[in-house]
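# Observations on chain architecture
As a plain string of letters, each chain reads:
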Amino acid sequence: MSVTTPATDQAVCAPLPVLGRDVTVPLVTGGEVGYAALDYAASAPALQRVWDDVAAYAPYYGSVHRGAGYLSQLSTDLFENARRTVAEFLDCRADDQLVFTRSTTDSLNLLAAALPDGCQVFVFETEHHASLLPWKDARVSYLDAPRTPRQAVQTLERALAARDPHGPALVCVTGASNVTGELWPVRELAAAAHAHGARIVLDAAQLAPHHPVSVRDLDVDWVAFSGHKLYAPFGSGVLAGRADWLTAAEPYLAGGGASRKVTRREDGGVDVEWHETAARHEAGSPNVIGAYSIAAACKALTEAGFDSLVAREQHLVETVRAGLAEVPEVRVLSLFGDDAPRVGVISFVVDGWNSSHFAAALSAEYGIGVRDGLFCAHPLVRTLLDSAPEAQGECGAPEAAPGEKSLNAIRVSFGAGTPDEHIERFVTAVRELVADGARWNYRTENGRCVPALG
């Protein structure tokens, strides 16, 4: 599929301009239309400001922590200033460590590798796989999906009360669901964890782009998030929080940068003295552009003001939900009910439609990009679809042909770079597809539903 980027002729009504806002894509029915990127929960488009900041720095790119030259010193200052900027964005405590990683998944795997011996982990089955799966080397208790925020707290309290009170414990919880967008009672869950001698890590991948995240106010021990969901380019993430477990653990990766001193022994081996700072878990040449881009996004969101960003996003959420509510064939997925506060992430199914077929039609006939599948949260989507745990489905690549029963849903997600027109087009497209059907034929190719050409 060809893509063109003509001069801007689209009125963009969004508080923070993003890359790709001028891109047009061809429709199978003829003509072109401005691409409506409504898959922010997977990867939000980079902010124009972030891209401009990175481009301005690029000519001054140099090695970090290792060079005596001017550009190396400049890059090192930029990298460490980015660390301070992100720590301020998260309202970290004075003695917290902030480690730059590749993603939320990488951050939580790092923390999993740093768990003390005998640590027990408590995680709800509703988590994204990034926070559900890394704990394979610990004793893990998977908690059933709660149906209210209060039930979530009660479920955790019961599980913690029954644990061995003498060993270390960690609770892992999302801040906002990547499937339903619903906000979780993080502060209350943190209080329950601490009351039972456990620690808590917050997966803020879907929360940080939409709401302010304060480590102090939420009283969490760690927070993890990804740059590519926070309007920064791919390949960077953050783990921030208490230093003791991180300092006591073996380096996540062994190599230069993590080591402070390496000496040969008489027996031919080597002795290593590792750093006790965040560098301990940042071996290798650091991703300075990734760190800088996250910091730039943090600054842009802070300066735009979360109060106004949240208010506008809630207007978009209400517009989508009201539009979907007018279509009886649409069922919106929810754990906590219609009145639960949520971010701009909404998943749904349509009676009579395979979700992959519906998503393909939105793209090919309306130029709207959404997500279909299980959203890397298989247990949660299965629960919401009342499906048996053994039912088959593949994240992001449903195998069933159009029209066949398939375990998948459709997700629309948006944020600070979404213009009103994209939301209005989406609601109109849903109505038309349900009322009139697709205007094109589709087929399954490599597990995906695609337009049948020719």
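What counts and how
Residues numbered from 1 in each chain as written. Predicted model: local features only at pLDDT ≥ 70, side-chain atom pairs only at ≥ 80, totals over all residues. Heavy atoms only, no water. Helix = DSSP H or I, 4+ residues; strand = E, 2+ residues; numbered from the N terminus. Rg over C-alpha atoms; globule rule 2.2 N^0.38 Å. Buried < 20%, exposed > 50% of the residue type's maximum accessible area, 1.4 Å probe, protein only. Contact = heavy atoms within 4.5 Å. Areas by Shrake-Rupley, 256 points an atom, 1.4 Å probe, with all protein chains shown as cover. Lys, Arg positive; Asp, Glu negative; His and termini not counted. Charge placed at Lys NZ, Arg CZ, Asp CG, Glu CD. Axes fitted to C-alpha atoms, helices over the stretch in contact; angles between N-to-C directions. Parallel < 35°, antiparallel > 145°, perpendicular 65-115°, else oblique. Left-handed = near helix turned anticlockwise from the far one by under 90°. Nonpolar A, V, L, I, M, F, W, Y, C, P; charged D, E, K, R; others polar. Phe/Tyr/Trp six-rings, centres within 6.5 Å; stacked < 30°, edge-to-face > 60°. Lys NZ or Arg CZ within 6 Å of the ring centre and 35° of its normal. Polar contact = N/O pair within 3.5 Å; in protein donor to acceptor, adjacent residues only side chain to side chain.

### Quick look at the overall build of the protein
Of the regular secondary structure elements, the protein holds 13 helices and 19 strands. Whereas a compact globule of 454 residues would reach a radius of gyration of roughly 22 Å, the protein reaches 23 Å, a difference of no more than 12%. Along the first, second and third principal axes, the C-alpha atoms of the protein reach 75 × 55 × 45 Å. Within the protein, buried positions represent 55% of all 454 residues. Sequence separation of 24 or more characterises 70% of the internal contacts of the protein that already satisfy a separation of 6 or more. Per element, the accessible surface of the protein, about 19,300 Å² overall, is 51% carbon and sulfur. Averaging the positions of the 37 positive and the 56 negative side-chain charges in the protein gives two centres separated by 4 Å.

### Some details on the packing of helix H2 (residues 70–89) against helix H9 (residues 288–304)
Their axes nearest at 8 Å, the elements H2 and H9 cross at an angle of 40 degrees. As the angle between them shows, H2 and H9 are arranged oblique. As H2 packs across H9, the resulting crossing turns out to be left-handed. Across from Ser75, Leu78, Phe79, Ala82, Thr85, Val86 and Phe89 in H2, the residues of H9 making contact are Val288, Ala291, Tyr292, Ile294, Ala295, Cys298, Lys299, Leu301 and Thr302. Its residues placed into classes, the contact of H2 with H9 shows twelve nonpolar, three polar and one charged.

### What about the packing of aromatic side chains?
Under the definition given, this model contains eleven aromatic pairs. Considering the side-chain rings of Tyr40 and Tyr231, the 6.0 Å spacing of their centres and the 75 degrees angle between planes classify their relative orientation as edge-to-face. One end of the pair, Tyr40, is in the loop between strand S3 (36–37) and helix H1 (48–57); the other, Tyr231, is in the loop between strand S9 (222–226) and strand S10 (237–241), and 191 residues separate them in sequence. Overall, Tyr40 belongs to the buried group, its relative accessible area being 5%. With a relative accessible area of 1%, Tyr231 lands in the buried category. Counting every residue linked through ring pairs, the aromatic cluster contains Phe348, Trp353, Phe358 and Phe426. Stacked on the ring of Tyr366, the Lys or Arg Arg439 has its end atom at 5.2 Å from the ring centre.

### Here we look at the side chain of Asp221
Mapped onto the fold, Asp221 is located in the loop between helix H7 (215–218) and S9. Judged by relative accessible area, Asp221 falls into the buried class, the value being 3%. Looking at Asp221, its side chain comes within polar contact range of the side chain of His194, at 2.8 Å. Not counting residues up to four positions away in its chain, the partners in contact with Asp221 are Arg93, His194, Arg199, Ile200, Ala240, Gly241 and Arg242.

Function cannot be read off these values alone, since they describe shape.
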